[in-house]
Structures are given as structure tokens and as C-alpha cells.
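Given next are the chains, with one letter for each unit.
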Amino acid sequence: MKHYALIFYSTRTLTPEEQKQRPVDIASWVRQVTDMGITLDPRNLGEVEADFSEPGSMSGSGNGASDPVMVTIVFFDSADRDQAVNIAQMHPGPRYGVTVKLREWASPRQTLATQ
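Residues numbered from 1 in each chain as written. Predicted model: local features only at pLDDT ≥ 70, side-chain atom pairs only at ≥ 80, totals over all residues. Heavy atoms only, no water.

Draft legend 1. Local environment of the packing of aromatic side chains. The full count for this structure, using the stated rule, is two aromatic pairs. Aromatic pair Phe75 and Trp105: ring centres 5.8 Å apart, planes at 80°, arrangement edge-to-face. In this pair, Phe75 sits in strand 3 (residues 71-78) while Trp105 sits in the loop between strand 4 (98-104) and helix 3 (108-113), placing the two residues 30 residues apart along the sequence. The partly exposed category is assigned to Trp105, whose relative accessible area is 34%. (Phe/Tyr/Trp six-rings, centres within 6.5 Å; stacked < 30°, edge-to-face > 60°. Helix = DSSP H or I, 4+ residues; strand = E, 2+ residues; numbered from the N terminus. Buried < 20%, exposed > 50% of the residue type's maximum accessible area, 1.4 Å probe, protein only.)

Laid out in C-alpha cells, this is it:
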């Protein structure tokens, strides 16, 4: 199994209709993924408490914008990259102005131990 993280950056305010529909769509996605035997571990990040970036450097979401309204990270394990990409592509976030990024991750301790 490989470890993956889906990173979601909100890019806009939702309409009232979207605010009603988004939880329904996300719940459907969660059901689809859990039916595949995948356990999701979501985390919402709060607002930036402090930014120690170099003045003029690109900080925030990495897309050239200021910090997004909300950032969520969903950790999960997947048998392979193809399955992880499929899980990411199934997510309804882009329909709601959300940038979705998939990254493989490893523990720094594990990385150091293998060097």
C-alpha cells in the first residue's frame, strides 16, 4: 500500500444552491470510496496563524493566489497510483471551484531510516 493525500483548496464562495448540494455530492463520493475498501482520514486546516515566508515569495496554495478560504487534506492508502488518481478524479470538488491535488506521502522518519 502507498500513502496518498488529497489536498483541496477552495477558490471561491459557494452559491446557496451549491452549499446545499455539495455535502450530498461529497457524501456520495465518500460512499463510493469506502465501498472500494479505502478508509479516508480528512483534516480541515484553520486560517494561517503566521506566515514566515520570505517577502515576495510565493506562499499560500501555490497557484499564485493568496491563501484560500479553506484547505482540507484527506489522507488515504491505496494499492497503486492508478487507483489513487481514480479516487481523486471522482471527487466533486472541481464543480464547486475547488482545486484538487493528489500527492504521495511518506513519513520523514521512514525516509531517513531507509537512507
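Draft legend 2. View of the nonpolar core. Core analysis: the biggest nonpolar cluster contains 13 residues, and Leu6, Trp29, Val33, Ile38, Leu40, Phe76 and Ile87 have the highest contact counts within it. Contact partners of Phe76, with chain neighbours within four places excluded, come to Lys2, His3, Tyr4, Leu6, Ile38, Thr39, Leu40, Ala84, Ile87 and Leu102. Of all hydrophobic cores here, the second largest spans five residues; its members include Ala5, Ile7, Tyr9 and Val71. (Core = buried A, V, L, I, M, F, W, Y, C linked by side-chain atoms within 4.5 Å. Contact = heavy atoms within 4.5 Å.)

Draft legend 3. Quick peek at the pattern of salt bridges. With the rule as written, the count across this model stands at three salt bridges. Note that Arg95 and Asp25 form a salt bridge whose closest N and O atoms lie 3.4 Å from each other. Remark: Asp25 occurs in helix 1 (residues 16-35) and Arg95 occurs in the loop between helix 2 (81-90) and strand 4; sequence separation between them is 70 residues. Using a relative accessible area of 17% as the deciding quantity, one classes Asp25 as buried. Taking the shortest distance from any N to any O, the salt bridge between Asp41 and Arg43 comes out at 3.1 Å. (Salt bridge = Lys/Arg side-chain N within 4 Å of Asp/Glu carboxyl O.)

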